[in-house]
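Examining the three-dimensional arrangement
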Amino acid sequence: MNPLHQGAPYRAAALLLRGDSESFWLPEAKSTVAGQVDTLFYWILGISVFFFLLIVGLVVFFLVKYRRRGEEIAVQPSAHHSTALELAWSGIPLVIVLAIFVGGFKGFLNLRTAPDDAYEVQVTAQRWNWSFTYPNGHVDPELHVPAGVPIRLVMSSLDVIHSFYVPDYRVKQDLVPGRYTTAWFEAKEPGESRIYCAEYCGTSHSEMLSRVVVHAPAEFERWLQEAADWMVGLSPADAGAELYRRKGCVQCHSVDGSAGIGPTLKSSFGSPRKFTDGSDGRVDENYIRQSLLQPAAAVVVGFDPVMPTFQGRLDDEEIAALIAYIKSLN
Ligand code: CUA
């Protein structure tokens, strides 16, 4: 029977017993620090559950044991001092919170301090996409890393505060405009994990997603080499279609005619435009180039001036490819 049709206790039990990504428990620990985080979390959870049951159990027990039974009871003098009891209720919690502090502090230091030999990747967040810059200059919308190698992320935002969050790794760190923040992790095995933005950053915050792809070390080198020259052998329009996806244009500009945060690109080339400053124009090569590099210079009527600049993030060859792609949508 479908568990959704069962009662709440059954559903709760089913969630507790599940081992997959939809279970009640933390997702599979895929980084070297995740185990440490989980141990502390479950330790605190266990203590909380133990004391919750103990206190609620005692409340219920005393409620029943000392309930009013009808007959008059003479008021008895209550105990006002017990050294042993007071030492116990001070000493035991002290030991417990100190253990939590020590575990938490060790884990915090470990999470904050990347190993010296870590491989460095630059992370740039902007509404509403991620880009990852590798030591050879390649920029990718996904984070590719080798397994078993510590990775240090040096992160910044081009606009508002975002937060880089990989639940599988138990890693979360804010990206702040105008300064660098860092995070590090070491993926245990090849595989994939999702990247979320965990700080509300505007309309498409919930779609600000990417993934980490973990390769075997030798395979990672090959991937990086091939990824760096991905445009070789592609027609400009095909390369433009790929750039449209990689650079995050897809978040705001549809290619099917529907309006998004920005105007659709379908049949846009050559079409007339009215701008918020009262002027008008036509979509041509120079207009597209200007829109990419100085998006605030001419904003189409009916849309907000929210497009980020791609100055320094697109070279001339890439801009030409995007223009070819937009032309191909007519
Ligand atoms: Cu970026 Cu939320």
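Since we're looking at a predicted model, the values are computed, not measured. (Residues numbered from 1 in each chain as written. Predicted model: local features only at pLDDT ≥ 70, side-chain atom pairs only at ≥ 80, totals over all residues. Heavy atoms only, no water.)

1. Comments concerning the packing of helix α2 (residues 34-65) against helix α3 (residues 83-112)
Operational definition: Convention adopted: a line fitted to C-alpha atoms gives each axis, helices being fitted over their contacting stretch, and angles between N-to-C directions are expressed from 0 to 180 degrees. Secondary structure elements follow DSSP: runs of H or I no shorter than four residues count as helices, runs of E no shorter than two count as strands, and numbering proceeds from the N terminus. What sets the label is the angle itself: under 35 degrees gives roughly parallel, over 145 gives roughly antiparallel, 65 to 115 gives roughly perpendicular, and the rest give oblique. Working rule for handedness: look at the near helix, and if it is turned counterclockwise from the far one by less than a right angle, call the crossing left-handed; if clockwise, right-handed. By definition in these notes, contact holds between two residues if any of their heavy atoms fall within 4.5 Å. Residue polarity follows a fixed list, in which Ala, Val, Leu, Ile, Met, Phe, Trp, Tyr, Cys and Pro are nonpolar, Asp, Glu, Lys and Arg are charged, and the others, Gly among them, are polar.
Contact pair α2 / α3: the axes reach a minimum separation of 9 Å and the direction vectors enclose 160°. Between α2 and α3, the angle falls in the class roughly antiparallel. Our pair here, α2 against α3, has a crossing hand that is left-handed. Contacts from Gln36, Val37, Leu40, Trp43, Ile44, Ile47 and Phe51 of α2 reach α3 at Ile96, Ala99, Ile100, Gly103, Gly104, Lys106, Gly107, Asn110 and Leu111. Counted by class, the contact of α2 with α3 contains 10 nonpolar, five polar and one charged residues.

2. Focus on the packing of aromatic side chains
Put simply, the rule reads: Here is the rule: rings of Phe, Tyr and Trp (six-membered ring for Trp) pair when centre to centre is within 6.5 Å. Planes less than 30 degrees apart are stacked, more than 60 are edge-to-face, and the remainder are tilted. Summary of the burial criterion: residues with accessible area below 20% of their type's maximum are buried, those above 50% are exposed, and those between are partly exposed, where the area comes from a 1.4 Å probe applied to protein chains only.
Scanning all chains against the criterion turns up 15 aromatic pairs. Each ring, one from Tyr119 and one from Phe220, has its centre 5.5 Å from the other, and the planes form 90°; the classification is edge-to-face. Note that Tyr119 is positioned in strand β1 (residues 119-126) and Phe220 in helix α4 (residues 217-228), a separation of 101 residues in sequence. On the basis of relative accessible area, Phe220 is assigned to the buried category, the value being 1%.

3. Thoughts on the state of the cysteines
Just so we agree on the cut-off: Here, two cysteine sulfur atoms that lie within 2.5 Å of each other are counted as a disulfide.
Counted under the stated rule, the structure contains zero disulfides. Unpaired in terms of disulfides, Cys252 finds its nearest cysteine sulfur in Cys249, a separation of 8.9 Å.

4. Re the sheet that holds strand β5 (residues 150-157)
Selection rule: A pair of strands counts as paired when DSSP detects no fewer than two bridges linking them.
Within the open sheet, the five strands sit side by side as β3-β2-β1-β5-β8. Their pairing is mixed. Of all the strands in the sheet, the pair left with one neighbour each is β3 (139-140) and β8 (181-186). By the bridge criterion, five bridges tie β1 to strand β2 (residues 129-133) in an arrangement that is antiparallel. Looking at the pairing, Val123 lines up with Phe132 of β2.

5. Some details on helix α6 (residues 285-293)
Our working definition: Contacts described as polar in this section are N or O atom pairs within 3.5 Å, which, within protein, must combine one atom able to donate a hydrogen with one able to accept it, while residues neighboring in sequence count only if both atoms come from side chains.
Of the residues making up α6, those classed as buried are Tyr287, Ile288, Ser291, Leu292 and Leu293. In this structure, the buried residues of α6 make contact with β11 (272-274), β12 (280-282) and α7 (316-328). If you check the start of α6, you find a side-chain oxygen 3.2 Å away from the backbone N of Asn286, and it comes from Asp284.

6. Points about the sheet that holds strand β4 (residues 143-146)
Ordered in space as β4-β10-β9-β6-β7, the five strands form an open sheet in which the pairing is mixed. Because the sheet does not close on itself, it has two edges, and the strands there are β4 and β7 (171-175). Each strand of the sheet is rotated relative to its neighbour by a mean of 20°, with strand direction disregarded. In the sheet, β4 pairs with strand β10 (residues 210-215) via four bridges, with the strands oriented parallel.

7. Digging into α4
Spelled out, the test is: By definition here, a helix of n residues has an expected span of 1.5 Å times n minus one. Regarding the arc, it is the one traced by the directions from the helix axis to the C-beta atoms.
In this model α4 runs 17 Å from its N-terminal to its C-terminal C-alpha over 12 residues, within 8% of the 16 Å that 1.5 Å per residue would give. When α4 is considered as a whole, its buried residues turn out to be Phe220, Trp223, Leu224 and Ala227. One side of α4 carries all its buried residues, which in axial view fall inside an arc of 100°. Summarising the geometry of α4, the exposed residues directed more than 90 degrees from the buried face are Ala218, Arg222, Gln225 and Glu226. In this fold, the buried residues of α4 make contact with β1, β3, β4 and β10.

8. A few points about the domain arrangement of the protein chain
The test is simple: Each domain span listed reflects an automatic or database assignment of domains. We define buried area as the total accessible area lost by two parts upon association, computed with a 1.4 Å probe and summed across both. Only one rule defines a salt bridge in this text: a Lys or Arg side-chain nitrogen within 4 Å of an Asp or Glu carboxyl oxygen.
Taken domain by domain, the protein chain comprises domain 1 (119-228) and domain 2 (236-328). Computed from C-alpha coordinates alone, the two centres of domain 1 and domain 2 are separated by 26 Å. Counting from both sides, the interface comprises 13 residues of domain 1 and, opposite them, 11 residues of domain 2. Interface of domain 1 and domain 2: buried area, both sides summed, is about 1,000 Å²; carbon and sulfur atoms make up 47% of it. It is Gln126, Trp128 and Pro141 in domain 1 that bury the most area against domain 2; as a group they hold 41% of the surface buried on that side. Joining domain 1 to domain 2, the criterion identifies one salt bridge. The interface formed by domain 1 and domain 2 includes three residue pairs in polar contact (both at pLDDT 80 or more). Where the side of domain 1 that touches domain 2 is concerned, the elements lending two or more residues are β2 and β3.

9. Comments concerning the side chain of Ser193
Within the secondary structure, Ser193 sits in strand β9 (residues 191-197). Given a relative accessible area of 4%, Ser193 falls into the buried group. A distance of 2.8 Å separates polar atoms of two side chains, one belonging to Ser193 and the other to Asp168. Residues contacting Ser193, with those up to four places away along its chain left out, are Lys30, Val166, Asp168, Tyr169, Ser210, Arg211 and Val212.

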